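# Fold and geometry: a report
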Amino acid sequence: MQFKSHAREPEVGDTIINSNSSCDHHKSVGVVLSIDSLPGDAGKIASYLCINSGANWKKGDILSKTLDQLSPFN
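For the structure given in this document, a descriptive report is provided here.

Conventions used here
Residues numbered from 1 in each chain as written. Predicted model: local features only at pLDDT ≥ 70, side-chain atom pairs only at ≥ 80, totals over all residues. Heavy atoms only, no water. Helix = DSSP H or I, 4+ residues; strand = E, 2+ residues; numbered from the N terminus. Buried < 20%, exposed > 50% of the residue type's maximum accessible area, 1.4 Å probe, protein only. Polar contact = N/O pair within 3.5 Å; in protein donor to acceptor, adjacent residues only side chain to side chain. Contact = heavy atoms within 4.5 Å. Core = buried A, V, L, I, M, F, W, Y, C linked by side-chain atoms within 4.5 Å. Pairing = 2+ DSSP bridges. Patch = residues over 30% accessible without salt bridge, like charges linked within 9 Å, V, L, I, M, F, W, Y side chains within 5 Å. Areas by Shrake-Rupley, 256 points an atom, 1.4 Å probe, with all protein chains shown as cover. Salt bridge = Lys/Arg side-chain N within 4 Å of Asp/Glu carboxyl O.

## Examining the side chain of Q69
Position of Q69 among the secondary structure elements: in the loop between β4 (62-66) and β5 (70-72). On the basis of relative accessibility, which here comes to 15%, the residue Q69 falls in the buried class. Within polar-contact distance, the side chain of Q69 engages the side chain of N20 at 3.0 Å. Beyond its immediate chain neighbours, meaning those up to four positions away, Q69 contacts I17, N18, S19, N20 and C23.

## Some points on the nonpolar core
Core analysis: the largest hydrophobic core is formed by ten residues, namely F3, I16, V32, A46, Y48, C50, W57, L63, L67 and L70. At three residues, strand β3 (residues 44-50) tops the list of elements feeding residues into this core.

## Regarding the pairing of β4
Across the two faces of β4 the burial differs, with L63 and K65 buried and I62, S64 and T66 not buried at all. Pairing of β3 with β4, which is carried by five bridges, proceeds in the antiparallel orientation. Residue pairing across strands places A46 opposite K65, the latter belonging to β4.

## Re a nonpolar patch on the surface
Together, L33, L49 and I62 give the surface a local cluster of nonpolar side chains, amounting to about 260 Å² of exposed area. In this fold, L33 is placed in strand β2 (residues 29-37). On the basis of relative accessibility, which here comes to 41%, the residue L33 falls in the partly exposed class.

Nothing here speaks to function; it is all geometry.
The structure is reproduced here in structure tokens:
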């Protein structure tokens, strides 16, 4: 189940996964560092510290994504 701004949102410290198969960072997993609002109440973005590596990111990178691209990591 994906996150959604103003409904189901991750919290700082949660472990998440990028579930957007169209994104270059698909399957990146990380720990949420912050949740920030987009201008004009357009939603929110989560910044997360990657704990895995992939073709387009490395462990330790900080990525920021809209919540609809992220899901809880179990």
